[in-house]
Every structure is written in structure tokens, then in C-alpha cells.
Amino acid sequence: QVQLVESGGGVVQAGGSLRLSCAASGRTFSSYAMGWFRQAPGKEREFVAAISWASSTYYAESMKGRFTISRDNAKNTVYLQMNSLKPEDTAIYYCAQYRGATPNKGENDYWGQGTQVTVSS
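From a predicted model like this one, the values you see are computed outputs, not experimental measurements. (Residues numbered from 1 in each chain as written. Predicted model: local features only at pLDDT ≥ 70, side-chain atom pairs only at ≥ 80, totals over all residues. Heavy atoms only, no water.)

Another aspect to go through is the overall build of the protein chain. In terms of helices and strands, the protein chain carries zero helices and 11 strands. When its helices and strands are written in sequence order, the protein chain yields β-β-β-β-β-β-β-β-β-β-β. The C-alpha radius of gyration computed for the protein chain amounts to 13 Å, which stays within 12% of the reference 14 Å derived for 121 residues, consistent with globular compactness. For the protein chain, buried positions account for 41% of its 121 residues. On the protein chain, roughly 6,400 Å² of surface is accessible, and the fraction owed to carbon and sulfur atoms is 45%. Computing the positive centroid from 12 side-chain charges and the negative centroid from 9, the protein chain places the two 3 Å apart. (Helix = DSSP H or I, 4+ residues; strand = E, 2+ residues; numbered from the N terminus. Rg over C-alpha atoms; globule rule 2.2 N^0.38 Å. Buried < 20%, exposed > 50% of the residue type's maximum accessible area, 1.4 Å probe, protein only. Areas by Shrake-Rupley, 256 points an atom, 1.4 Å probe, with all protein chains shown as cover. Lys, Arg positive; Asp, Glu negative; His and termini not counted. Charge placed at Lys NZ, Arg CZ, Asp CG, Glu CD.)

Okay, here's the thing in C-alpha cells:
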């Protein structure tokens, strides 16, 4: 199985920033779309952002203008830069690899273990 490991989570005050990283295994990393999802306590998992093999980006409406997804194929790593954080952003954040080059909804084959992000008010 492909392995994904998230890091960079922590506790930050409202208005602050964090950068999450997801290190992926596999030598064909650059061929696949990658994404970030999150799950708050007692809530369902929700889509945050995704990036295609060609670095086209996609965001949930509430993330636009605050979060930025990027990738470094040479390092097999995808990032999520999180700015202007709000208490409602508190959740466990997961990275995922999509089945193909385009981040089609529901086509995630591999998931990381998650990293906790807590935003205080």
C-alpha cells in the first residue's frame, strides 16, 4: 500500500497560520492528484482542497482565499498553507491520494493517519 504521513499540525490562535505537510511513498507520485480533507469532532469528513498532477488546484468555498495547496513532486510531498485560521477550522486534517491525475470526487485510494489542528479564540 501507498503510505501517506501528515505533519505540521498544532495549536494556533485565531488569525494565525500553519503549514501542513504530507509525505507520500511511491516513485510515481507526480502522476496522481492529491487532496486534503478534515474532520471536526462529531462531524463528517469534508473536502478542503485538491491538486492535480498538472498542479491545477481546487478548494472548498470556505477555504478560498485562506488556504493554499501545493506540491513538490521531487520530494513526494503535498502542502497545505493555512492562513487567517478560525476556531471552526479546528479538526483532524488528512491527506489523500486520488486514483488518477484528476481529483475526481470519491476516488481516493490512500489516506494518511491525520494531524490535529486546533485554533483557539
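Turning our attention to the side chain of Ser 21. You can see Ser 21 is positioned in strand S3 (residues 18–24). Residue classification places Ser 21 among the buried residues on the basis of a relative accessible area of 15%. Beyond its immediate sequence surroundings of up to four residues, Ser 21 is in contact with Val 5, Glu 6, Ser 7, Trp 36, Thr 77, Val 78 and Tyr 79. (Contact = heavy atoms within 4.5 Å.)

Looking now at the side chain of Thr 115. Within the secondary structure, Thr 115 is located in strand S11 (residues 115–120). Overall, the relative accessible area of 10% leaves Thr 115 in the buried class. At a separation of 3.2 Å, a polar atom in the side chain of Thr 115 contacts the main-chain amide nitrogen of Gly 9. Non-local contacts of Thr 115, meaning those with residues more than four positions away in its chain, are made with Glu 6, Ser 7, Gly 8, Gly 9, Leu 20, Ala 91, Ile 92 and Tyr 93. (Polar contact = N/O pair within 3.5 Å; in protein donor to acceptor, adjacent residues only side chain to side chain.)

Here we come to the layout of surface pockets. Of the pockets and cavities examined, the largest pocket occupies roughly 190 Å³. For the lining of the largest pocket, the class distribution of residues is six nonpolar, two polar and two charged. (1 Å grid on protein atoms, 1.4 Å probe; cavity = no way out; pocket = protein on both sides within 12 Å on 5 of 7 lines; lining within 4 Å. Points joined across faces, edges and corners; volume = space filled by probe spheres on them. Nonpolar A, V, L, I, M, F, W, Y, C, P; charged D, E, K, R; others polar.)

We now examine the pattern of salt bridges. Evaluation of the coordinates by the stated rule reveals five salt bridges. Between Glu 61 and Lys 64 there is a salt bridge, with its nearest N and O atoms 3.2 Å apart. For Lys 64, a relative accessible area of 47% puts it in the partly exposed group. Asp 109 serves as the salt-bridge partner of Arg 99, at 3.4 Å between the closest nitrogen and oxygen. (Salt bridge = Lys/Arg side-chain N within 4 Å of Asp/Glu carboxyl O.)

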